Amino acid sequence: MTRSFDQALATPLRLRDRLDDSTESRIILATVACIASRGIAATSTHQIAKQAKLSQGNIHYYFRTKEALMRRVLESVYENSSRNIDALEDKRISPSSRLEMIIDLGFDLITRRRDEFITLIACWTHAVVSGREWRDSYKQTFRDFQAAIVRLIREGEETGEFEHGASAMVPILLVSMVQGIGLQLAIAPSQVNASEAKIAAKRALRAILPPPAIVVAKSRTQKRRKL
């Protein structure tokens, strides 16, 4: 069933909401839970099987190695985040408003969907110290995620809402802001007010993605006339 735009914004789907009750899905969800509480290095297939209430043989039947399982988990978490972003592609809503909604989704990830966020960060650190195959896998999913933001920014440039060519670093900065605040929340939650941080992130987005100069000039002229 296709959800409406308002439903997608109000209740972004968690990974567990999107997956079915198959054995493979149970393994993926159990792995996310284990990684979020233990980290990748300390997570064993025995612990995953116990969390999923399956035999260890089930784990190895679906995933021949722990590395293969971890890559599948990374793909699943990124796919869920990307689909939540895709749900915001409503042309009736301005690109700038939808970019702010992406920030809302990001903060939902680092708060309500915290296990998924911790898993993403754990996979990122694992990719940094692992071989090229792991890093390539992570980079591809990251590029796919950024592509959704790039499409939205280009739409804003085409409609004249954003200054053309001013968006090159926006996807990286937007993701970095949310991930950085998420790390602060994970390490020292008492020192970060998530609501205030989200407001600040939206202000920063508007600062790094200004409207076209002609729009700014017109706005200033109108203000002078009022005075």
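Above this text you will find the structure in question.
What counts, and where the lines are drawn
Residues numbered from 1 in each chain as written. Predicted model: local features only at pLDDT ≥ 70, side-chain atom pairs only at ≥ 80, totals over all residues. Heavy atoms only, no water. Helix = DSSP H or I, 4+ residues; strand = E, 2+ residues; numbered from the N terminus. Buried < 20%, exposed > 50% of the residue type's maximum accessible area, 1.4 Å probe, protein only. Contact = heavy atoms within 4.5 Å. Areas by Shrake-Rupley, 256 points an atom, 1.4 Å probe, with all protein chains shown as cover. Axes fitted to C-alpha atoms, helices over the stretch in contact; angles between N-to-C directions. Parallel < 35°, antiparallel > 145°, perpendicular 65-115°, else oblique. Left-handed = near helix turned anticlockwise from the far one by under 90°. Nonpolar A, V, L, I, M, F, W, Y, C, P; charged D, E, K, R; others polar. Core = buried A, V, L, I, M, F, W, Y, C linked by side-chain atoms within 4.5 Å. Phe/Tyr/Trp six-rings, centres within 6.5 Å; stacked < 30°, edge-to-face > 60°. 1 Å grid on protein atoms, 1.4 Å probe; cavity = no way out; pocket = protein on both sides within 12 Å on 5 of 7 lines; lining within 4 Å. Points joined across faces, edges and corners; volume = space filled by probe spheres on them.

Chemist: Got a minute to help me understand the overall build of the chain in this structure?
Modeler: When you go through the chain residue by residue, the secondary structure sums to 12 helices and 0 strands. Secondary structure of the chain in N-to-C order comes out as α-α-α-α-α-α-α-α-α-α-α-α. Going through the 227 residues of the chain one by one, you find that 42% of them count as buried. In the chain, 70% of the contacts between residues at least 6 apart in sequence involve partners at least 24 apart. Total accessible area on the chain is roughly 13,000 Å²; 52% of this is exposed by carbon and sulfur atoms.

Chemist: Mind showing me how you'd approach the packing of helix H7 (residues 95–110) against helix H11 (residues 194–208) here?
Modeler: A pair of packed helices can be characterised by two numbers: the angle between their axes and the separation between those axes. For the pair H7 and H11, the least separation of the axes is 10 Å and the interaxial angle reads 150°. Considering their axes alone, H7 and H11 lie roughly antiparallel with respect to each other. For the pair H7 and H11, the sense of crossing is right-handed. Taken together, the residues of H11 that come into contact with H7 (itself represented by Leu-99, Glu-100, Ile-103, Asp-104 and Phe-107) are Ala-194, Ala-197, Lys-198, Ala-201, Lys-202, Leu-205 and Arg-206. In the contact of H7 with H11, the residues fall into 7 nonpolar, no polar and 5 charged.

Chemist: Is there a simple way to explain the nonpolar core in this structure?
Modeler: As a rule of thumb, soluble globular proteins bury nonpolar side chains together. Counting 58 residues, the largest nonpolar core has Leu-99, Ile-102, Phe-107 and Ile-149 as the members making the most contacts within it. Broken down by secondary-structure element, the contributors of at least two residues to this core are helix H3 (23–38), helix H4 (45–52), helix H6 (66–86), H7, helix H8 (114–129), helix H9 (132–158), helix H10 (170–187) and H11. In this structure Ile-102 touches Ile-85, Leu-88, Ile-149, Leu-152 and Leu-174, once residues within four positions along its chain are discounted.

Chemist: So what exactly am I meant to see when it comes to the environment of Pro-210 here?
Modeler: Take Pro-210: it is sitting in the loop between H11 and helix H12 (213–226). Sequence spacing of Pro-210 and Glu-163 is 47 residues, and the spatial spacing of their C-alpha atoms is 6.4 Å. If near-sequence neighbours (up to four positions away) are discounted, Pro-210 is found in contact with Phe-162 and Glu-163.

Chemist: What am I meant to see in the packing of aromatic side chains here?
Modeler: Aromatic ring pairs are defined here through the distance separating the ring centres and the angle between the ring planes. Per the counting criterion, the structure on display carries 1 aromatic pair. Between Tyr-61 and Tyr-62, the ring centres sit 5.1 Å apart and the planes meet at 80°, which makes this aromatic pair edge-to-face.

Chemist: What's the story with the packing of H3 against H8 in this structure? I'm lost.
Modeler: Where H3 contacts H8, the two axes come as close as 8 Å, and the packing angle between them is 75°. Classed by the angle they form, the pair H3 and H8 counts as roughly perpendicular. Residues Val-32, Ala-33, Ile-35 and Ala-36 of H3 form the contact with H8, whose own contacting residues are Asp-115, Glu-116, Ile-118, Thr-119 and Ala-122. In terms of residue class, the contact of H3 with H8 is made up of 6 nonpolar, 1 polar and 2 charged.

Chemist: Before we go on, may I ask you to explain the environment of Phe-162 in this structure?
Modeler: Within the secondary structure, Phe-162 sits in the loop between H9 and H10. The spacing of Phe-162 and Leu-209 is 47 residues in sequence and 6.7 Å in space, taken between C-alpha atoms. Residues in contact with Phe-162, not counting those within four places in the same chain, are Pro-95, Ser-96, Leu-99, Leu-152, Ile-153, Gly-156, Glu-157, Leu-209, Pro-210, Pro-211 and Pro-212.

Chemist: Before we go on, may I ask you to explain the layout of surface pockets in this structure?
Modeler: With a probe scaled to a water molecule rolled over the atoms, the places where space remains empty come into view. Looking at the largest pocket, its volume works out to about 180 Å³. Along the walls of the largest pocket sit Arg-14, Leu-15, Arg-16, Leu-29, Val-32, Ala-33, Arg-112, Arg-113, Arg-114, Asp-115 and Glu-116, which together make up its complete lining. Residue assignment for the lining of the largest pocket shows that the elements contributing at least two residues are helix H2 (15–18), H3 and H8. The residue makeup of the lining of the largest pocket, split by class, is 4 nonpolar, no polar and 7 charged.

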